[in-house]
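Listed here are the chains, written in short residue letters.
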Amino acid sequence: MTSSTTFTFTNRSEMSGEYTFQFTPTQGEIIFSHEWSLRCYNVWGKYTGSGTEGNIHLPYDIQLKVKNMWGKQNFGRLYIEAKAITPNSITVKYWIKCYHPGEWYNGLTYSGKLTCATGGGPETETLRTYSTNIFEDANLETRFPLESWIWVQASDGVTQGGTRDCFIRDESGKEIVISLKESSDAPGYYRGAFYITSGPTNAILVRIHLDEFGKADLRCDVNGDDVFSHWVISAVSELPGPQIETTRTYVDFTYIEEAAIFPAEATCYVLAAGPYSGNTGGTRDLRVVADSGDVIHVTLTEETFFNFKGSFLVTNGSTNDELNR
């Protein structure tokens, strides 16, 4: 099933809109195609630009380049994102960010035709990227600074066991493959990471080259049906959010229920994570200091990618560093 809408803008200060595409429920993967044309003006006269692209998976962004007899200029960047998805609809947000608004006259003519196509069976597989290795919605991200790690999670909600390959391809066609390992804490969720860099691509070190504002397409087939879920990330000049080290405490070894207060003779389970750029594996040292000044050192062991776990006993008895008490 396909349907289209056209966004038209005539004023530089009002270049945004939303639209809801309706379709038959459980139609599977949602793919877009896009055509755009722009006529704008500055002190050098009239500039024009246009472009067409298919097989688009949201989120999506592209640089809008315009030209005249004097040369080319970058007018701005178009962004298209999914704002809300239901079984029979998707609402998209569509907007343009002008790079140097003071250099362009306010009047312009812009047309962007966006076509939505659905088909196949129900889409149950998901593929997402995160700014840290704490796989929560608050850390969901699609834009990352160069020289940073990107954490990946894939699942279909059913399949368990083994590992899965995630293919990452840049705009030039170069590709690396990372292995996603099933999380011991969340069976059926496959996780891993790769690194984006302005340096050369290195498949062994799971590093892929991207230019600033460059994009990479991720795809993964969790259930082995040869239907791949897709996700697109892009490189930006600024950090979208802090990539921080975190230490959290939990009530038991499932690492589900967090807690900050523990009764005497209870075990405190610790999860430490952060954007480490060194080698994976090994251990980390956790220093625990009581109000009394007593100190113990707990060895945390990496169980999943950049997630280090350990535990110690909270007691009203004597402190014992060797016994983690």
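First, a word on scope: everything that follows refers to the structure included in this document. Everything quoted here is computed from the prediction, not taken from an experiment. (Residues numbered from 1 in each chain as written. Predicted model: local features only at pLDDT ≥ 70, side-chain atom pairs only at ≥ 80, totals over all residues. Heavy atoms only, no water.)

As for the overall build of the chain
Point 1. What the chain contains, in helices and strands, is 0 helices and 22 strands.
Point 2. Burial status across the chain gives 41% buried among its 325 residues. (Helix = DSSP H or I, 4+ residues; strand = E, 2+ residues; numbered from the N terminus. Buried < 20%, exposed > 50% of the residue type's maximum accessible area, 1.4 Å probe, protein only.)

Things to note about a nonpolar patch on the surface
Point 1. Residues Y41, V43, W44, M69, W70 and Y105 make up a contiguous nonpolar surface patch of roughly 790 Å² in combined accessible area.
Point 2. By secondary structure assignment, the location of W44 is in the loop between β3 (30–42) and β4 (45–56).
Point 3. Under the relative-accessibility criterion, W44 is labelled exposed at 52%. (Patch = residues over 30% accessible without salt bridge, like charges linked within 9 Å, V, L, I, M, F, W, Y side chains within 5 Å. Areas by Shrake-Rupley, 256 points an atom, 1.4 Å probe, with all protein chains shown as cover. Salt bridge = Lys/Arg side-chain N within 4 Å of Asp/Glu carboxyl O.)

A short note on the state of the cysteines
Point 1. Using the criterion set out here, one finds 0 disulfides in the structure.
Point 2. Distance from the sulfur of C40, which forms no disulfide, to the nearest cysteine sulfur (C98) is 8.1 Å.
Point 3. In this structure C40 comes out as buried when scored by relative accessible area, which is 1%. (Disulfide = S-S within 2.5 Å.)

Section: unusual backbone geometry
For residues that are not glycine, phi is negative in most cases, and the peptide bond is trans in most cases.
Point 1. Cis geometry is found at the peptide bond from L58 to P59, where omega equals 0 degrees.
Point 2. Among the secondary structure elements, P59 is positioned in the loop between β4 and β5 (60–68).
Point 3. Even without being glycine, V206 reaches a positive phi, approximately 45 degrees.
Point 4. Locating V206 in the fold gives a position in the loop between β14 (190–197) and β15 (207–209).
Point 5. The buried category is assigned to V206, whose relative accessible area is 19%.
Point 6. We note that F213 has phi near 70 degrees; this positive angle belongs to a residue other than glycine.

Remarks on the side chain of R143
Point 1. Structurally, R143 is set in strand β10 (residues 143–145).
Point 2. The buried category is assigned to R143, whose relative accessible area is 17%.
Point 3. Within the structure, R143 has its side chain in polar contact with the side chain of E81 (distance 3.1 Å). (Polar contact = N/O pair within 3.5 Å; in protein donor to acceptor, adjacent residues only side chain to side chain.)

Focus: the packing of aromatic side chains
Point 1. Applying the stated criterion across every chain yields a total of 13 aromatic pairs.
Point 2. Members of the aromatic cluster, connected to one another through ring pairs, are F7, F9, Y94 and Y110.
Point 3. Directly above the aromatic system of W95 lies the positively charged group of K93, at a separation of 4.9 Å from the ring centroid.
Point 4. Residue placement shows R219 over the ring face of F228; its charged tip is 5.8 Å from the ring centre. (Phe/Tyr/Trp six-rings, centres within 6.5 Å; stacked < 30°, edge-to-face > 60°. Lys NZ or Arg CZ within 6 Å of the ring centre and 35° of its normal.)

Quick word on the pairing of strand β7 (residues 89–98)
Point 1. Burial of β7 is extensive: 7 of the 10 residues sit out of reach of the surface.
Point 2. Examined bridge by bridge, strand β2 (residues 16–22) and β7 share 7 bridges and lie antiparallel to one another. From the neighbouring strand, T20 faces β7, where its bridge partner is T91.
Point 3. As paired strands, strand β6 (residues 71–86) and β7 are joined by 10 bridges and run antiparallel to one another. Paired with L78 across the bridge in β7 is I96.
Point 4. Hairpin remark: β6 followed by β7, antiparallel, with 2 residues in the connecting loop. (Pairing = 2+ DSSP bridges.)

Some remarks on the environment of F9
Point 1. Inspection of the secondary structure assignment puts F9 in strand β1 (residues 2–11).
Point 2. Here F9 falls in the buried class, since its relative accessible area comes to 5%.
Point 3. As for F9 and Y110, which are separated by 101 residues in sequence, their C-alpha atoms are 5.0 Å apart.

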